[in-house]
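Here is how the chains run, residue by residue.
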Amino acid sequence: MGSCCSCHPARQESEAEAEANKGPAVGDWVRLGVAGVVAAQSMTFGLAINLSPPTGRTRLILHGLLAVSAVAVFFLAGWPILRNSWRALLRGRVVFDQLFLIGILAAFGASVHCSLTGVGHVYYEVVALLVAIHTFGGLLTDSRRREALAAAANFGREFSECVRLAADGSSVRVAVGQIRRGDRVFVPLGGAISVDGTVVGGAAFVREAALTGEPFPVVKRPGDSVRAGSYALDGTLTLEASSAGDARALDGLIHALEEARSRPSRLQRQADWLASWFLPVVVFIALATFGIWAWWADWRVGLFNALAVVLVACPCAMGIATPVAIWSALAAFARRGLVAKNGDCVEKLALVDTVIFDKTGTLGREEMEIVDFVAAEGFDRAGLRSMAAALESASDHPVARAFRLEDDNPTLGNRSARILPGIGIEGEVDGKTLRVGNRGILTGGEPADAKSLEALLRTKALQGSHQIFISVDGIPAGVAVLREKLRENARETIAVLEAGGYSCRVMTGDTPEAAAAHGLRSVEAGLSPEEKARRVREIEASGHRALFLGDGINDAAALQEASASVAIRGGEAMARESADAELPGTALDALPEVLAIAKNSVRAIRGNLLYAALYNVVGVALAAMGFLHPVVAALIMLVSSFNVTARALREARPEKPRRNAGSRSANPPTPILQNAIS
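Residues numbered from 1 in each chain as written. Predicted model: local features only at pLDDT ≥ 70, side-chain atom pairs only at ≥ 80, totals over all residues. Heavy atoms only, no water.

Here we take up the sheet that holds strand S4 (residues 192-193). Taken together, the four strands give an open sheet; going across it, the order is S4-S9-S6-S7, and neighbouring strands pair in antiparallel fashion. Edge positions in the sheet fall to S4 and strand S7 (218-220), since each of these pairs with one other strand and no more. Pairing of strand S6 (residues 204-207) with S7 involves three bridges; the strand directions are antiparallel. Residue pairing across strands places Phe 205 opposite Val 219, the latter belonging to S7. (Pairing = 2+ DSSP bridges. Helix = DSSP H or I, 4+ residues; strand = E, 2+ residues; numbered from the N terminus.)

Printed below as a string of structure tokens:
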């Protein structure tokens, strides 16, 4: 599969997106059906002809019909076999299509010789049978690949358009690829920022978690820079593009993802390497079989047995089942929210026995929670809390959601609420003017007012926390301390992983007190980025295979040190670029299933290769000794192909994590092909 050559946003769709959206054509399935029907009918007629050979005109007509049907099926559905074989030959490569082609040509050639001379048997049905097997394998692999690529194709689609402003003040929605440096772009309230640029008008809280990993929105005012991939939460912005729409940092990340997904995995490269040896060995054995039998008995016997050798040899474990298993696993990952950059991620995840979580932005989420709330003298704390909840019910800002979470049923009237971009929210509640936001909501923004409120707090300088102030009719009335909220599925995910035999750890740059507040176990707090990376190296050096999950720029080094790495989608770009895969924080609980799918898929590939080795040794030996009829050999190969393919599909499913599985996880599987060869 070729990699995407460009990710120009002005294009209707990238190559990866086009391939993901392009389902298998009806004609492909029709050709497969025709090949299957012709194979079945030809097998019936061929068996009758071989058992009771016709003579004269009848023989010519029947043989001619079978020959024409074989040629028709080949050019209808088997053309890719010839094309792929020829292209590989020009590049000096050996591919498993060439074995199919040799089998087809040998069966057809032997059949034509029989038709012309009346000596021997016909095997025209083998042509249709081999074409059907190859076509089915190709359709199956392509369908799994398209499903797996769909997640990558959808990545970044939300940022593919923007509103461009003209000099006369008019606006038009265009693809970002049409934006040039210096163009003005309008971002509506709550809208996605689709260009890299500088704010020239408006002010708003901007959520940049997708770029910086910071869970709290930041204020953007004229002169501040913004990047594609963020959102304006509570105001409108006018931007001046600092680069062309096809030169965004976001596009480079999307292109890198598509390109990496297009490269064959290490497993597939190893399977291709085995296939490159498989074909010459089979051809050599077939020629040796022909020579020995021709010398020992007759050249027709030699041809008969040599054809059986070629037909019984099955490269499907390498040519079909391995890519099917890999793409099936990637598709299963995508259905659970994990987007892997390439097929190597499957094997990396299968080897894991230790899972390390970053805390902030990984086990914690963008939502905030109130950990302390105080009212100034003269204000009722409960009443002030209810008033703030009533006012914030008009907003979907992360701060507003934190207030509403603790008061599900505010009863006070809320009227005339309005957003103060970059500051907070203001409105009339129960006849009083209420303002909630940062220090800017205090009258004059006097530092003394803020400090007098902060002095009432019991929570002092909690790392990663934010203070939200409240004023009533212009009088400082209260302050709340907000911090990130632990994801609901965080503790459950860790518990399931530990029940499955994985060792789970948490590493964070927060203070031990901040980490302990969440009730997490096995926490290493106060770590710098370098210390995180060093700890991962130490774990790896002790013989364990670690999976690191993080979201921030401070996690990038640790992500690269781990055997496998997953970045939380929406986190820092450098973390995403360093990781093997991305996973939404909301899908954190899918991690145990993802790891089980990886282990099952790797086990299926290893088992298929071992099975293929045994099958081919026995099958080729029997054929070389003259114990297999060519048609029987082709049928056995068909059954073998379906067996390894079904196994690849069946094993790309999760197994339920089991308790007391420590011994299994403590000894991760050795490299697949090393096991297969040994």
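The next subject is the packing of helix H3 (residues 56-77) against helix H5 (residues 96-117). Their axes nearest at 10 Å, the elements H3 and H5 cross at an angle of 165 degrees. In terms of orientation, H3 lies roughly antiparallel with respect to H5. Crossing angle aside, the handedness with which H3 passes H5 is left-handed. Here H3 contributes Arg 59, His 63, Ala 67, Ala 70, Val 71 and Phe 74 to the contact with H5, which in turn contributes Leu 101, Ile 104, Phe 108, Cys 114 and Ser 115. Along the lines of polarity and charge, the residues of the contact of H3 with H5 split into eight nonpolar, two polar and one charged. (Axes fitted to C-alpha atoms, helices over the stretch in contact; angles between N-to-C directions. Parallel < 35°, antiparallel > 145°, perpendicular 65-115°, else oblique. Left-handed = near helix turned anticlockwise from the far one by under 90°. Contact = heavy atoms within 4.5 Å. Nonpolar A, V, L, I, M, F, W, Y, C, P; charged D, E, K, R; others polar.)

Turning our eyes to something else, we now look at the packing of helix H22 (residues 591-624) against helix H23 (residues 630-650). To describe two helices that pack against each other, one gives the angle between their axes and the distance between the axes. Relative to each other, H22 and H23 sit at 165 degrees, their axes nearing to 9 Å. With respect to their mutual orientation, H22 and H23 come out roughly antiparallel. Judged by the twist between their axes, the crossing of H22 over H23 is right-handed. Residues Arg 603, Ala 604, Gly 607, Asn 608, Tyr 611 and Tyr 615 of H22 pack against Ile 636, Met 637, Ser 640, Asn 643, Val 644, Arg 647 and Ala 648 of H23. A breakdown of the residues in the contact of H22 with H23 according to their chemical character gives seven nonpolar, four polar and two charged.

A surface patch of positive charge is lined by Arg 83, Arg 87, Arg 91 and Arg 93. With respect to the element layout, Arg 93 can be found in the loop between helix H4 (79-90) and H5. Since its relative accessible area comes to 42%, Arg 93 is described here as partly exposed. (Patch = residues over 30% accessible without salt bridge, like charges linked within 9 Å, V, L, I, M, F, W, Y side chains within 5 Å. Areas by Shrake-Rupley, 256 points an atom, 1.4 Å probe, with all protein chains shown as cover. Salt bridge = Lys/Arg side-chain N within 4 Å of Asp/Glu carboxyl O. Lys, Arg positive; Asp, Glu negative; His and termini not counted. Charge placed at Lys NZ, Arg CZ, Asp CG, Glu CD. Buried < 20%, exposed > 50% of the residue type's maximum accessible area, 1.4 Å probe, protein only.)

Looking now at the sheet that holds strand S21 (residues 546-550). Reading across the sheet, the seven strands line up as S11-S23-S22-S21-S12-S19-S20 and stay open at both edges, with mixed pairing between neighbours. Only two strands of the sheet have a single neighbouring strand rather than two, namely strand S11 (339-340) and strand S20 (523-524). Of the strand pairs in this sheet, strand S19 (residues 503-507) and S20 are connected by two bridges, and their pairing is parallel. Directly across from Met 507, in S20, lies its bridge partner Glu 524. This element, helix H17 (residues 490-499), spans strand S12 (354-358) and S19 of the sheet and lies at about 165 degrees to S12.

Moving on: H4. An ideal rise of 1.5 Å per residue puts 16 Å on 12 residues; H4 measures up with 17 Å between its terminal C-alpha atoms. Burial in H4 covers these residues: Ile 81, Ser 85 and Ala 88. One side of H4 holds all its buried residues, which, seen down the axis, span an arc of 65 degrees. Residues of H4 that are exposed and angled more than 90 degrees away from the buried face: Trp 86 and Leu 90. (Expected span 1.5 Å × (residues − 1). Arc of directions from axis to C-beta.)

Attention now goes to the pairing of S12. For S12, a buried count of five out of five residues is recorded, marking the element as mostly surrounded by other parts of the structure. The alternating pattern of S12 places Thr 354, Ile 356 and Asp 358 on one face and Val 355 and Phe 357 on the opposite face, and all of these are buried. Sheet analysis places S12 next to S19, joined by five bridges and oriented parallel. Its bridge partner lying in S19, Asp 358 is registered against Met 507. Note that S12 and S21 share four bridges and pair parallel. Of the residues in S21, the one forming a bridge with Thr 354 is Ala 546.

Three or four residues apart is the spacing at which side chains of an α-helix point the same way, because the helix has 3.6 residues per turn. Spanning 13 residues, helix H19 (residues 529-541) covers 18 Å between terminal C-alpha atoms, matching the ideal 18 Å at 1.5 Å per step. Every buried residue of H19 is listed here: Lys 532, Ala 533, Arg 535, Val 536 and Ile 539. The arc enclosing the buried residues of H19, seen along the axis, measures out at 160 degrees, which places them on a common side. Residues of H19 that are exposed and point more than 90 degrees away from the buried face comprise Glu 530 and Ala 541. Contacts made by the buried residues of H19 are with S12, S19, S20, S21 and helix H20 (556-561). Phi for Gly 543, located one or two positions after H19, is positive at around 100 degrees.

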